[in-house]
Amino acid sequence: MDPLSRRRILAASAAGGAFTTIAATTAALAQGQPPQPMRDGRGATDPGPRNVAADADNPDLLAPPLTDVGDLPNLKWPFGLSHNRLQAGGWARQTTVREFPVSKAMAGVDMRLEAGAIRELHWHKENEWSLMLDGNARVTCVDENGRNFIADVKKGDLWYFPSGLPHSIQALDQGCEFLLVFDDGSFSEDSTFLISQWMAHVPKSVLAKNFAVPEDAFAKLPEKQLYIFKAPVPGSLASDTIQDPAGPVPNPFVFRMMDMQPVKCPGGNVRIVDSKVFKASANIAAAYIEIDPGAMRELHWHPLSDEWQYYISGKARMTVFGSGENSRTFDYQPGDVGYVPQTMGHYIENIGDEPVQYLEMFTGPRYTDVSLQQWLALIPPELVKEHLNLADSVIGKFPKEKQLVIAGTPPGKQPG
Ligand code: MN
Ligand code: MN
């Protein structure tokens, strides 16, 4: 590194504040120099060998804030590091407890289907929640009382299939990509109950008896699982509607999340979708969060569940406080999964120049969180003062309402 850029990076590091390492990383990369593990006057250059792309994506691991301490487990897993299963007509990759050991409570699958392609008829023990990320699809499900559900979903829509109920997903004319979330980290997309495999592993005489048809009706059953396969794009929803003598399911398995009015916050928007509004979603709750550049999801924790995150846009960082001398900071980009064990304190800060959009996923029927500011605003100020040595004027500013997303100044526009 030439002395000039070295001096610039050291100067940026010495300036202090939230964005110094990000600013230093950006400045170094702009000059064709790798970012260095230096922050706030500490550290030294890394002569290599090194993975510069990984370092650039993880500036808060390369040069952690000096407040980081202890040995919290890894809390970041990019879907790009998961095995991708390529099939004719699509692909699927998963992030489970096998890839991401801390994620015991939830697992996720990122799946792509070309126009017409089908995710085979199947069922599984776990509840399934999904966000359509791109394109459109038709989903079907039948419940234990013989009530059916058939609907089309588009970008921004959610679905929820309760434990054990059989379902299917077929891409429509645009094809689709969607995120699936399951309420058990040990879920595996490769061990769901597939209709093709069950039929292949029952004597043909039993199939004939069960369906009251001759055995040769089953001569062409597939010998191997289908999983994801190509098919023609189906006709209109009306042409696919089946009149059900038991009637439709009582609570729709699809929820149009983007039709919901968001909670407007000082630094962004929040949509909370739990069983209060999406009644079918009995054991998975979600929050879809948008954070403006420079703004921050406030310091908080979740009393009742671990949090599984999926980053959709922008650049974010999160510090998780795991009690005692344990606190670690991670950086997130689109396609990354983040995780926060139950009751651990955290914030999510937008450190880029475009909005951060991400999902917070929880197990259980209700979304719950506890806000640090709100807590301190609702107890006697003297008590807060005795703990933190804060001035009355500072304590007096703590809002009694939850802020959720706090406004802030974007990087590069810091005062001074
Ligand atoms: Mn499924
Ligand atoms: Mn949270």
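Refer to the structure above for everything that follows.
For every chain, the first residue of the written sequence is number 1, and numbering continues from 1 onward in sequence order. Written order decides the labels, with chains lettered from A and ligands numbered from 1. The predicted nature of this model means local features are confined to residues of pLDDT at least 70 and side-chain atom pairs, given and counted, to a pLDDT of 80 or more, with totals for whole chains, interfaces and linings taken over all residues. Remark: hydrogens and water are excluded; side-chain values derive from all non-hydrogen atoms of the structure.

## Observations regarding the overall build of the protein chain
Every helix listed is a DSSP run of H or I at least four residues long, and every strand listed is a run of E at least two residues long, numbered separately from the N terminus. In terms of helices and strands, the protein chain carries nine helices and 26 strands. Reported as C-alpha extents along the three principal axes, the dimensions of the protein chain are approximately 80 × 55 × 35 Å. Residues counted as buried form 48% of the 416 residues belonging to the protein chain. Taking as baseline every contact in the protein chain between residues at least 6 positions apart, the subset at least 24 positions apart corresponds to 75%. Exposure was quantified through the Shrake-Rupley algorithm and a 1.4 Å probe, taking into account, for residues, occlusion by the shown protein chains and nothing else. Here the protein chain displays about 19900 Å² of accessible surface, and carbon together with sulfur accounts for 57% of that area. When a residue's accessible area, from a 1.4 Å probe over protein chains only, is under 20% of the maximum for its type it is buried; when over 50% it is exposed; and in between it is partly exposed. Residues count as neighbours in contact if any of their non-hydrogen atoms are within 4.5 Å of one another.

## So, the packing of aromatic side chains
Centres within 6.5 Å are what make two rings of Phe, Tyr or Trp a pair, Trp counting through its six-membered ring; a difference in plane orientation under 30 degrees is then read as stacked, over 60 as edge-to-face, and the rest as tilted. In the structure shown here, the tally under the stated rule is 16 aromatic pairs. Cation placement over rings: the criterion is NZ of Lys or CZ of Arg within 6 Å of the ring centroid and within 35° of the ring normal. Just above the ring of Tyr227 sits the side chain of Arg85; from NZ or CZ to the centre is 3.9 Å.

## Describing the coordination of the manganese ion (ligand 2)
Looking at the manganese ion (ligand 2), one finds its protein donor set to be His300 (NE2), His302 (NE2), Glu307 (OE) and His346 (NE2), positioned 2.1 to 2.2 Å from the metal centre. All donor residues of the manganese ion (ligand 2) come from one chain, and their arrangement in sequence is H-x1-H-x4-E-x38-H. Glu307 sits in the buried class, given a relative accessible area of 0%. Water is absent from the atoms considered, so a metal site may look incomplete; donors are defined as N, O and S atoms within 2.8 Å of the metal, or 3.2 Å for Na, K and Ca.

## Things to note about the pattern of salt bridges
Salt-bridge detection follows one rule: a side-chain nitrogen of Lys or Arg within 4 Å of a carboxyl oxygen of Asp or Glu. Scanning the model with the defined rule gives 19 salt bridges in all. Note that Asp60 is salt-bridged to Arg317, the shortest N-O span being 3.0 Å. Linking Asp60 in helix H4 (residues 59–62) with Arg317 in strand E20 (residues 316–321), this pair joins segments that are 257 residues apart in sequence. One network of salt bridges, with partners in common, ties together Arg39, Asp60, Arg317 and Glu349.

## Comments concerning the pairing of strand E10 (residues 157–161)
Regular strands have side chains that alternate between both faces of the sheet. Along E10, five of the five residues are buried, which leaves the element largely enclosed by surrounding structure. Taking every second residue as pointing to the same face, both faces of E10 are buried, with Asp157, Trp159 and Phe161 on one and Leu158 and Tyr160 on the other. As judged from the three bridges shared by E10 and strand E14 (residues 254–256), these two strands associate in the antiparallel manner. Bridge pairing in E14 places Trp159 opposite Val254. Should DSSP find at least two bridges between two strands, the strands are regarded as paired.

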